[in-house]
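Summary of structural features
So the chains spell out like this:
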Amino acid sequence: MSQREDLLAAAKKCLVEKGYSKTTARDITAASGAHLASIGYHFGSKDNLMNTALIEASGEWGDVFEEAVKRAGPTTARDRVRLLITSLFETLPAQRRLMVSSVQAFAHSQFDEGLRGTLAEGIAGGRRELSALLLGVPSEEVPPEVVAGLGSMIYNLITGYVIQYLVDPDALPTVDQAVEGLRALLPPEDDHTER
């Protein structure tokens with residue numbers, strides 16, 4: 001690995017072990033074996049390195065969802081939603097520390113314009129990728145209005161379950177309950193019964 005890759009891997013490790021707000025530049029260089037000045041050379045600042053590490057680590061977790069859907073082969077949109085929720089719930093325990101770091105970063109972004117911009121880009125990319133995953137199409141084929149609607153709704157669903165898991169992991173619904181909840185939210189158009 002290059003020194004840049006070593007720093008990025010060390011920053012990801014520190015995110016999980018120490019959290020976003022408690023990781024120092026010295027922590028990263030100690031974990032990577034690099035010199036302190038190398039952070040500035042490769043990333044401009046420790047904050048830029050941490051932001052890059054957070055986005056990459058979150059993206060790697062998102063890749064797990066995509067793999068779960070791809071392994072299932074041809075599926076319906078309803079199947080893909082179930083696979084996404086199943087994969088999310090199954091991976092939350094292993095990703096707990098990363099999710100804690102993410103929540104810290106979201107809070108810190110209110111005081112850091114660079115971080116807010118980085119997170120906004122990550123969210124936009126995540127919404128596009130999630131839309132594509134659920135529609136079963138390449139991401140470049142998803143129109144902006146679908147990204148704004150479907151993508152943001154799914155992103156919020158995932159984020160909401162992450163927050164619920166961090167606060168009370170035992171209170172998460174089952175996958176069946178979550179899917180049924182989505183179904184109940186928008187019943188079929190021909191269902192005119194009062195609820």
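Residues numbered from 1 in each chain as written. Predicted model: local features only at pLDDT ≥ 70, side-chain atom pairs only at ≥ 80, totals over all residues. Heavy atoms only, no water.

1. So, the overall build of the protein
Of the regular secondary structure elements, the protein holds 8 helices and 0 strands. If you list the helices and strands of the protein from N to C, you get α-α-α-α-α-α-α-α. Each of the three principal axes of the protein carries a C-alpha extent, and together these read 65 × 40 × 35 Å. Here the protein, with 195 residues, has 34% of them falling under the buried criterion. (Helix = DSSP H or I, 4+ residues; strand = E, 2+ residues; numbered from the N terminus. Buried < 20%, exposed > 50% of the residue type's maximum accessible area, 1.4 Å probe, protein only.)

2. Here's the deal with helix α2 (residues 25-32)
Within α2, burial applies to Ile-28, Thr-29 and Ser-32. Down the axis, α2 shows its buried residues gathered within 95° of arc, on one side only. Exposed and facing more than 90 degrees away from the buried side of α2 are Arg-26 and Ala-30. A positive phi of about 80° marks Gly-33, the residue just after α2. (Arc of directions from axis to C-beta.)

3. Focus on the side chain of Ser-102
The topology assignment puts Ser-102 in helix α5 (residues 77-108). Discounting chain neighbours no more than four positions away, the residues touching Ser-102 are Leu-54 and Ser-58. (Contact = heavy atoms within 4.5 Å.)

4. Some details on the environment of Val-69
Within the secondary structure, Val-69 sits in helix α4 (residues 46-71). With a relative accessible area of 6%, Val-69 lands in the buried category. For the pair formed by Val-69 and Leu-133, sequence separation is 64 residues and the distance between their alpha carbons is 7.7 Å.

5. Observations concerning a nonpolar patch on the surface
Together, Val-103, Ile-163 and Val-167 make up a nonpolar patch on the protein surface, roughly 250 Å² of accessible area in all. Looking at the secondary structure, you find Val-167 in helix α7 (residues 144-167). (Patch = residues over 30% accessible without salt bridge, like charges linked within 9 Å, V, L, I, M, F, W, Y side chains within 5 Å. Areas by Shrake-Rupley, 256 points an atom, 1.4 Å probe, with all protein chains shown as cover. Salt bridge = Lys/Arg side-chain N within 4 Å of Asp/Glu carboxyl O.)

6. Some words on the pattern of salt bridges
Inspection of the entire model under this criterion finds 9 salt bridges. Between Glu-17 and Lys-13 there is a salt bridge, with the nearest N and O atoms lying 3.7 Å from each other. Of this pair, Glu-17 and Lys-13 both sit in helix α1 (residues 3-18), 4 residues apart, roughly one helical turn. Using a relative accessible area of 47% as the deciding quantity, one classes Glu-17 as partly exposed.

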